[in-house]
Amino acid sequence: MTAASPEQTTRAISSYRGALRAWSRHPSPRLIGLFVLLAAALRSSLGPWQWWDLGMVLAGVALWPFLEWFLHKYVLHIRPRPLFGRTVDPEFARRHRAHHREPWRPELILLPPYVHLTLGPAFFAAAWWLMPDRALALSALVGYGLAALNYEWTHFMVHTRIQPGNRYYQSLFRAHRMHHFRNENYWYGFTLTSVDRWLGTGPDPDATPRSPHCRDLGVDT
């Protein structure tokens, strides 16, 4: 079997500089960065930034950890289901199972471009047409985009050989690797481990049994 090249695995990455270089080559961070810049530019076109804008940016950041937990637990981990004589198995669920099988493949760690190209315009449309105050809605989108960028960076780093030196990253690394290699039914958060504790999915690792389905998520595919 031919060994994987550095571009095909994150196992060889052991420094922040190497992680940043590899991470930035993928389209997802660039698309999220474009989303943030566009949201900030649109907000600026509506007038000077106010203190309320900072509050909305922080609100967008605060929303993200709960959304990522919900999507991870209830969307990415759904199993194939029969419906009208057919098996429904969405691409995003298949992709996430592939990520669990091969947690070091970079293209399975980061969000695929179609997520940004579909949800990005939808978020802008909702902010522009549905919110009573468009300026504050766009400020919230700036915060949401910054949180999404942090998620992509953090998730990518967890799947490298980096040994983090601060407590924030240490807790994230430990929790996410427990999800991948101890029990897939817990530790759904990516950027804030407190969310798992608050929502009942952050148990004591030493008291949590090992699962035989961390790699296949209980689906024989």
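Owing to the predicted nature of the structure, the values given are computational and were not obtained by experimental measurement. (Residues numbered from 1 in each chain as written. Predicted model: local features only at pLDDT ≥ 70, side-chain atom pairs only at ≥ 80, totals over all residues. Heavy atoms only, no water.)

Enquirer: Help me out: how do you make sense of the side chain of Arg97 in this one?
Expert: Relative to the helices and strands, Arg97 resides in helix α4 (residues 91–101). Accessibility expressed as a relative area gives 3% for Arg97, which makes it buried. A polar contact of 2.6 Å, which involves the side chain of Arg97, links it to the side chain of Asp89. (Helix = DSSP H or I, 4+ residues; strand = E, 2+ residues; numbered from the N terminus. Buried < 20%, exposed > 50% of the residue type's maximum accessible area, 1.4 Å probe, protein only. Polar contact = N/O pair within 3.5 Å; in protein donor to acceptor, adjacent residues only side chain to side chain.)

Enquirer: Looking at this structure, I do not really get the environment of Glu184. What am I missing?
Expert: Note on placement: Glu184 falls in the loop between α8 (167–181) and α9 (193–199). Taking relative accessible area as the criterion, Glu184 reaches 4% and is therefore assigned buried. Excluding residues that lie within four positions of it along the chain, Glu184 makes contacts with His77, His100, His179, Ser211, His213, Cys214 and Leu217. (Contact = heavy atoms within 4.5 Å.)

Enquirer: Could you clarify how one ought to interpret the environment of Trp104 in this entry?
Expert: Take Trp104: it is sitting in the loop between α4 and α5 (106–109). Look past the residues within four positions of Trp104 in its chain and what remains in contact with it is Gln8, Thr9, Thr10, Arg11, Ile109, His159, Thr160 and Phe181.

Enquirer: I would appreciate a short explanation of the pattern of salt bridges in the present structure.
Expert: Between side chains of opposite charge, pairing is possible as soon as their charged atoms come close. Summed over all chains, the structure comprises 4 salt bridges. Between Arg105 and Glu107 there is a salt bridge, with its nearest N and O atoms 2.6 Å apart. Residues participating in the shared-partner salt-bridge network are Glu102, Arg105 and Glu107. (Salt bridge = Lys/Arg side-chain N within 4 Å of Asp/Glu carboxyl O.)

Enquirer: Would you mind showing me how to read unusual backbone geometry here?
Expert: Backbone phi values are negative for most residues with the exception of glycine, while trans is the configuration of most peptide bonds. Look at Trp187: it is not a glycine, yet its phi comes out positive at around 60°. Even without a glycine there, the phi angle at Leu217 is positive, about 55°. Topologically, Leu217 is positioned in the segment after α9.

Enquirer: How should I be thinking about α4 in this particular structure?
Expert: In an α-helix, one turn spans 3.6 residues; hence positions three or four apart end up facing the same way. Regarding α4, the residues found buried are Ala93, Arg95, His96, Arg97, Ala98, His99 and His100. Contacts made by the buried residues of α4 are with α3 (51–76), α5, α7 (134–158) and α8.

Enquirer: Teacher, can you tell me more about helix α2 (residues 27–45) here?
Expert: Here α2 spans 27 Å end to end across 19 residues, near enough to the 27 Å set by a 1.5 Å rise per residue. Taken together, the buried positions of α2 are occupied by Ser28, Pro29, Ile32, Phe35, Val36, Ala39 and Arg43. Considered in projection along α2, the buried side chains sweep an arc of 120° and stay on one side of the axis. Away from its buried face by more than 90 degrees, α2 exposes Arg30, Leu34, Leu37 and Ser45. On its buried face, α2 sits against α1 (16–24), α3, α6 (113–129) and α7. At the C-terminal side of α2, Gly47 shows a positive phi close to 130°. (Expected span 1.5 Å × (residues − 1). Arc of directions from axis to C-beta.)

So, to be careful, I would describe these as geometric facts and stop short of saying anything about function.
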